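Each chain, written out:
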Amino acid sequence: MKQKIFEIFKKAIETFENLDNIEIIATFGSITKFDNTNFDDLDVIIISDKKSYDDFIFYLQKKFIEKNFEPIVFETITKKPKKEKESQVFIHDLNYRSLSDLIEKEWKSVVNSMKSEMVVLYGDKNFPEKLPFSKISKEELLGNIIKWSQKVKTEEEFRIFQKYLLKIIPKLLRDYDYLDLSNLKEIQKLLNQKFSWNKKLEEVRNLIAQI
């Protein structure tokens, strides 16, 4: 299914008639790794004005519907919807006005991931090379995650937070092995255990604050 979603995305780019005001269309993350069946959402990176982005996303949604998928667009991982049906395809809105807008808006760890994993499907294939790679401190790496943990108030918000942590922790341990992130391993073990979500949240907050 992952490869089918990727092919629909590519075909939408090839057949979209108004690419003139779009500088880059790209993606990154799990959608590009066909040897791994895990798949959460389609990250759509577009450098363009808002109208051109909206026009393309509307067209992309139409192409998914034609193939009997139900596309759902969301803007931020902290508000990602819950998947109810196998036919749903979550499209992560990553629209930026320019390279500098991308660098300013995104977490440094996300920019690092884009630099190493981005696949450009339309536009300058060398675009990832223009992204800076940041050697990040623990505070910079985990600061936004700590802030997010403090905002979690409901079980549904925790579900989204937990799913993100379980996805990102192995990657952080691999990519930032120069940092002491041993507490992340403890958080990973904790999240895989079965007990109340609010107790888990309390323990995650305590562990992550100690890193």
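Structure first, text after, so check above.
Conventions used here
- Residues numbered from 1 in each chain as written.
- Predicted model: local features only at pLDDT ≥ 70, side-chain atom pairs only at ≥ 80, totals over all residues.
- Heavy atoms only, no water.
- Helix = DSSP H or I, 4+ residues; strand = E, 2+ residues; numbered from the N terminus.
- Rg over C-alpha atoms; globule rule 2.2 N^0.38 Å.
- Buried < 20%, exposed > 50% of the residue type's maximum accessible area, 1.4 Å probe, protein only.
- Pairing = 2+ DSSP bridges.
- Salt bridge = Lys/Arg side-chain N within 4 Å of Asp/Glu carboxyl O.
- Axes fitted to C-alpha atoms, helices over the stretch in contact; angles between N-to-C directions.
- Parallel < 35°, antiparallel > 145°, perpendicular 65-115°, else oblique.
- Left-handed = near helix turned anticlockwise from the far one by under 90°.
- Contact = heavy atoms within 4.5 Å.
- Nonpolar A, V, L, I, M, F, W, Y, C, P; charged D, E, K, R; others polar.

*Asks:* Can you help me understand the overall build of the protein in this one?
*Replies:* Each helix and strand counted, the protein has 9 helices and 5 strands in total. Starting at the N terminus and walking to the C terminus, you meet the elements of the protein as α-β-β-α-β-β-α-α-β-α-α-α-α-α. What you see for the protein is a C-alpha radius of gyration of 18 Å, in line with the 17 Å of a compact globule of 211 residues. Viewed in the frame of its principal axes, the protein has a C-alpha envelope of about 50 × 40 × 30 Å. Across the 211 residues in the protein, those meeting the buried criterion constitute 45%.

*Asks:* Hey, could you run me through the pairing of strand β1 (residues 22-27) in this one?
*Replies:* Each regular strand displays side chains that alternate between the two surfaces of the sheet. Among the 6 residues of β1, 5 are classified as buried, and the element is accordingly described as predominantly covered. Across 4 bridges, the pairing between β1 and strand β2 (residues 42-48) is antiparallel. Bridge pairing links I25 to I46 in β2. Across 4 bridges, β1 lies against strand β5 (residues 119-123) in antiparallel orientation. Following the sheet pairing, T27 is matched in β5 by V119.

*Asks:* When you look at the side chain of S134 in this model, what are you seeing that I'm missing?
*Replies:* By secondary structure assignment, the location of S134 is in the loop between α5 (127-130) and α6 (138-151). Residue S134 is classed as buried on the basis of its relative accessible area, which comes to 18%.

*Asks:* Explanation requested: the pattern of salt bridges in the structure shown.
*Replies:* A side chain with one charge can pair with a side chain of the opposite charge if their charged atoms come near. All chains considered together, the criterion is met by 14 salt bridges. We note a salt bridge from D54 to K50, for which the minimum N-O separation is 2.8 Å. Separated by 4 residues within a single helix, D54 and K50 lie in helix α2 (residues 50-66), roughly one turn from each other. Classification of K50 as partly exposed rests on a relative accessible area of 38%. Through salt bridges with shared partners, a single network forms among E117, K171, R174 and D175.

*Asks:* What is the right way to look at the sheet that holds β5 in this model?
*Replies:* Think of a sheet as strands paired side by side through backbone hydrogen bonds, with each pair either parallel or antiparallel. Strand order across the open sheet formed by 5 strands is β3-β4-β2-β1-β5, with mixed pairing between neighbours. The open sheet has two free edges, formed respectively by β3 (70-74) and β5, since each of these has just one partner strand. Recorded for the sheet is a direction-independent mean angle of 25° between the axes of neighbouring strands.

*Asks:* Which parts of the structure should I look at to understand the packing of helix α7 (residues 155-175) against helix α9 (residues 197-209)?
*Replies:* Think of two packed helices as two axes; the pair is described by the angle between the axes and how far apart they sit. One way to put it is that α7 packs onto α9 with a least axis distance of 10 Å and a crossing angle of 50°. With respect to α9, the axis of α7 lies oblique. Once α7 is placed against α9, the crossing between them reads as left-handed. Between α7 and α9, the contacting residues are E155, F158, F161, Q162 and L165 on the first element and W197, K200, L201 and V204 on the second. Classifying every residue of the contact of α7 with α9 gives 6 nonpolar, 1 polar and 2 charged.

*Asks:* What should I look at first to understand the environment of E129 in this one?
*Replies:* Mapped onto the secondary structure, E129 falls in helix α5. You can call E129 exposed: its relative accessible area is 60%. Considered as a pair, E129 and K147 are 18 residues apart in the sequence and their alpha carbons are 30 Å apart.

*Asks:* Please explain the pairing of β2 as it appears in this structure.
*Replies:* Of all 7 residues that make up β2, 7 are buried, and the element is covered over most of its length. Note that β2 and strand β4 (residues 88-96) share 6 bridges and pair parallel. Residue pairing for β4: I45 is matched across the bridge by L94.

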